[in-house]
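# Understanding the architecture of this molecule
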Amino acid sequence: MPLNLSRRRGLAALAAWSAAPAFAQLRIDIAGVGGSRVPVAIADFRDESRSPQPIAAIVRADLERSGQFRSVDAPGALNETSSPVWPDWRARQADALVAGSVSRLADGRLDIRFKLWDVVKGAELVGQAQAVLPDDARLAAHRIADVIYEKLTGDKGAFATRMAYVTKAGPRYSLVVADADGEGARVALTSPEPIISPAWAPNGRELAYVSFESRKATVRVQDVQTGQRRVLADFRGTNSAPAWSPDGQQLVLSLSREGGTQLFVINRDGSGLRRLTQSSAIDTEACYSPDGSKIYFVSDRGGGPQVYRMPAGGGAAERVTFSGSYNISPAISPDGRTLAYIARVSGNFRLCVMDLASGQVQQISETSDDESPDFSPNGKLIVYATRAGGKEVLMTTTLDGKIKTPLLVTLAEVREPTWGPFTRQ
């Protein structure tokens with residue numbers, strides 16, 4: 001199978017998506033068994049009905065999805081001004097307690113307040129207030145989950161970030177931007193022609209993607225807020241697989257303008273095109289290391305598709321994956337220590353992770369048709385597309401594979417997720 005478009009990115013595969021009558025919002029369903037998770041009680045916020053979104057439920061789902069926490073029932077009336085009776089909460093085996101309230105301000109905004117307590121020590125850890133428009137209530141809940149996550153783990157939370165992905169409903173393809181839990185979806189672009197390979201810019205404001213609207217593969221960049229877009233690469237042949245450099249000033253592309261599909265680098269304004277690889281093989285699906293010094297990519301130069309890396313400026317490439325004969329779709333964790341990729345295992349395409357220092361590989365999925373892994377910006381979760389119940393779905397997983405969260409789509413096909421950066425504009 002050609003490598004210039006990944007396993008399910010070819011036109012034939014895109015055309016084979018089953019027709020779906022309508023696009024459906026995603027919903028969360030926690031699955032899997034975790035190890036040691038912090039028990040947290042999160043009470044329903046006082047007057048939460050004033051908000052168009054269920055604040056406490058969103059916070060609970062965020063924390064559970066991280067794989068670091070499990071929910072403890074929190075009955076009774078509590079808010080951020082309450083004085084918890086610590087023996088009662090210790091009896092419920094809660095290590096932390098969250099309570100808050102929602103009120104309407106005179107200008108129509110929501111005043112959302114919360115407090116986090118350490119139940120073991122009987123002490124307040126943090127308290128905050130946000131004044132937000134009703135349309136931003138879900139974002140406010142994600143920000144609360146981020147504060148709780150960071151306070152209890154020491155790591156930055158990524159719940160207030162966004163994802164982008166592609167759907168197909170009937171004959172229409174859509175580029176969709178949603179919250180990190182898959183909810184709050186907004187369509188950024190629709191087209192009767194395929195849209196593939198979306199990639200977030202580091203500024204959190206732009207998406208690069210491949211469009212077939214001109215009846216050939218071209219790379220475009222779109223401002224998510226304004227919808228303004230521009231053609232970045234429309235060279236002879238195929239233009240595909242864009243990936244941003246960490247500083248956002250360049251993109252690496254797969255182009256067939258000079259014959260076989262090879263890697264090129266281009267400035268964000270479309271200038272300075274330069275060829276990086278000089279092989280007779282197909283080189284594609286590139287991504288930068290977090291420090292920008294290396295590029296990881298897929299090549300069949302050894303006879304079958306494997307992951308390689310080379311200096312970002314070009315040069316000799318070294319093979320990275322050796323387990324199995326078919327390994328594609330590399331993604332590097334934000335700390336540069338872990339490689340996620342898709343491996344063909346006994347005819348099934350499954351998500352694997354590799355510790356880059358030791359070369360140790362772990363298969364973390366049991367499904368048969370995984371694709372397009374990408375790390376959360378804090379490096380604690382991976383999002384990927386897979387097939388469940390005959391439908392394409394998005395899935396998030398912890399790096400050990402113990403906590404998986406299907407983001408279910410009931411009607412539209414969904415694939416090729418890309419997780420946005422911490423910066424949200």
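Structure report, in brief. On a predicted model such as this, the values are computed, not experimentally measured, just so you know.

## Observations regarding the nonpolar core
Counting residues in each nonpolar core, the largest one holds 27 residues, and the members touching the most others are Leu63, Ile112 and Phe114. When residues of this core are traced back to their parent elements, those giving at least two are strand S3 (38-42), helix H2 (55-65), strand S5 (96-104), strand S6 (110-118), strand S7 (123-132) and helix H4 (137-153). The dominant element in this core, judged by the number of residues it contributes, is H4, at eight residues. Setting aside chain neighbours within four positions, we find Phe114 in contact with Phe45, Glu80, Val98, Ala99, Gly100, Val126, Gly127, Gln128, Ile144, Val147 and Ile148. If you look at the next biggest cluster of nonpolar residues, it comprises 25 residues, including Cys287, Leu339, Cys352 and Phe375.

## Some words on the pairing of S7
Relative to S7, S6 runs antiparallel, the two sharing nine bridges. Across the sheet, the residue bridging to Lys115 is Gly127, located in S7.

## Concerning the state of the cysteines
Using the criterion set out here, one finds zero disulfides in the structure. With no disulfide of its own, Cys287 lies 16 Å from the sulfur of Cys352, the closest cysteine sulfur. You can call Cys287 buried: its relative accessible area is 13%.

## Considerations on unusual backbone geometry
Comment: phi is negative for the bulk of residues other than glycine, and the bulk of peptide bonds are trans. In this model, Ser346 sits at a positive phi of 50°, which is unusual for a non-glycine residue. For Ser346, a relative accessible area of 74% gives the class exposed.

## Let's talk about the sheet that holds strand S24 (residues 338-345)
Where strands meet in a sheet, backbone hydrogen bonds hold them as pairs that are either parallel or antiparallel. What the four strands build is an open sheet, ordered S23-S24-S25-S26; its pairing is antiparallel. Each having just a single partner strand, strand S23 (327-332) and strand S26 (361-363) make up the two edges of the open sheet. Each neighbouring strand pair of the sheet contributes to a mean axis angle of 25°, computed without reference to strand direction.

## So, H4
Counted at 1.5 Å a residue, the expected span for H4 with its 17 residues is 24 Å, and the 24 Å between its end C-alpha atoms agrees. Counted residue by residue, H4 has 12 buried out of 17 residues, so it is predominantly covered. Within the sequence span of H4, burial applies to Ala137, Arg138, Leu139, Ala140, Ala141, His142, Ile144, Ala145, Asp146, Val147, Ile148 and Tyr149. Check the buried side of H4 and you find it contacts H2, strand S4 (69-72), S5, S6, S7 and strand S9 (172-179). At the exit of H4 stands Gly154, carrying a positive phi of roughly 85°.

## Overview of the packing of aromatic side chains
Going through the model one piece at a time under the given rule, you end up with five aromatic pairs. On the basis of an interplanar angle of 65° and a centroid distance of 6.4 Å, the ring pair of Trp86 and Trp117 is categorised as edge-to-face. Of the two residues, Trp86 sits in helix H3 (residues 86-91) while Trp117 sits in strand S6, which places them 31 residues apart along the sequence. By relative accessible area, Trp86 is classed as buried at 17%. When its relative accessible area of 5% is taken as the criterion, Trp117 is described as buried. For the ring pair Phe297 and Tyr308, a centre distance of 6.0 Å and an interplane angle of 25° mean the geometry is stacked. In this pair, Phe297 sits in strand S20 (residues 294-299) while Tyr308 sits in strand S21 (residues 306-311), placing the two residues 11 residues apart along the sequence. Pair check on accessibility: Phe297 and Tyr308 agree, each one buried. Joined through ring pairs, the aromatic side chains of Phe69, Tyr149 and Phe159 make up one cluster. Its guanidinium or amino end placed over the ring of Phe422, Lys156 lies 4.2 Å from that ring's centre, counting from NZ or CZ. One Lys or Arg, Arg257, reaches over the ring of Phe235 and ends 4.9 Å from the middle of that ring.

## A look at the sheet that holds strand S16 (residues 250-255)
Across the sheet, which stays open at both edges, the four strands sit in the order S15-S16-S17-S18 with antiparallel pairing between neighbours. The two strands at the open ends of the sheet, each matched to only one other strand, are strand S15 (239-244) and strand S18 (274-275).

## Re H2
Within an α-helix, residues lying three or four positions from one another point in the same direction, as the helix has 3.6 residues per turn. The buried fraction of H2 amounts to eight of the 11 residues, a majority that puts the element mostly inside the structure. Taken together, the buried positions of H2 are Ile55, Ala56, Ile58, Val59, Ala61, Asp62, Leu63 and Arg65. At the C-terminal side of H2, Gly67 shows a positive phi close to 80°.

## Observations concerning the pattern of salt bridges
Per the counting criterion, the structure on display carries 22 salt bridges. With a closest N to O distance of 3.8 Å, Arg50 and Asp47 form a salt bridge. Residue Arg50 is classed as partly exposed on the basis of its relative accessible area of 40%. Under the relative-accessibility criterion, Asp47 is labelled partly exposed at 37%. Linked through salt bridges whose partners overlap, the residues forming this network are Asp369, Arg387, Glu392 and Arg415.

## Observations concerning the environment of Tyr209
With respect to the element layout, Tyr209 can be found in strand S12 (residues 206-211). In this structure Tyr209 comes out as buried when scored by relative accessible area, which is 0%. Sequence spacing of Tyr209 and Gln222 is 13 residues, and the spatial spacing of their C-alpha atoms is 8.3 Å. When sequence neighbours within four positions are dropped, the list of residues in contact with Tyr209 reads Leu175, Leu189, Ile195, Ile196, Ser197, Pro198, Thr218, Val219, Arg220, Gln222, Arg229 and Pro242. A distance of 3.2 Å separates the side chain of Tyr209 from the side chain of Arg229, its partner in a polar contact.

The rules behind these values
- Residues numbered from 1 in each chain as written.
- Predicted model: local features only at pLDDT ≥ 70, side-chain atom pairs only at ≥ 80, totals over all residues.
- Heavy atoms only, no water.
- Core = buried A, V, L, I, M, F, W, Y, C linked by side-chain atoms within 4.5 Å.
- Buried < 20%, exposed > 50% of the residue type's maximum accessible area, 1.4 Å probe, protein only.
- Helix = DSSP H or I, 4+ residues; strand = E, 2+ residues; numbered from the N terminus.
- Contact = heavy atoms within 4.5 Å.
- Pairing = 2+ DSSP bridges.
- Disulfide = S-S within 2.5 Å.
- Axes fitted to C-alpha atoms, helices over the stretch in contact; angles between N-to-C directions.
- Expected span 1.5 Å × (residues − 1).
- Phe/Tyr/Trp six-rings, centres within 6.5 Å; stacked < 30°, edge-to-face > 60°.
- Lys NZ or Arg CZ within 6 Å of the ring centre and 35° of its normal.
- Salt bridge = Lys/Arg side-chain N within 4 Å of Asp/Glu carboxyl O.
- Polar contact = N/O pair within 3.5 Å; in protein donor to acceptor, adjacent residues only side chain to side chain.

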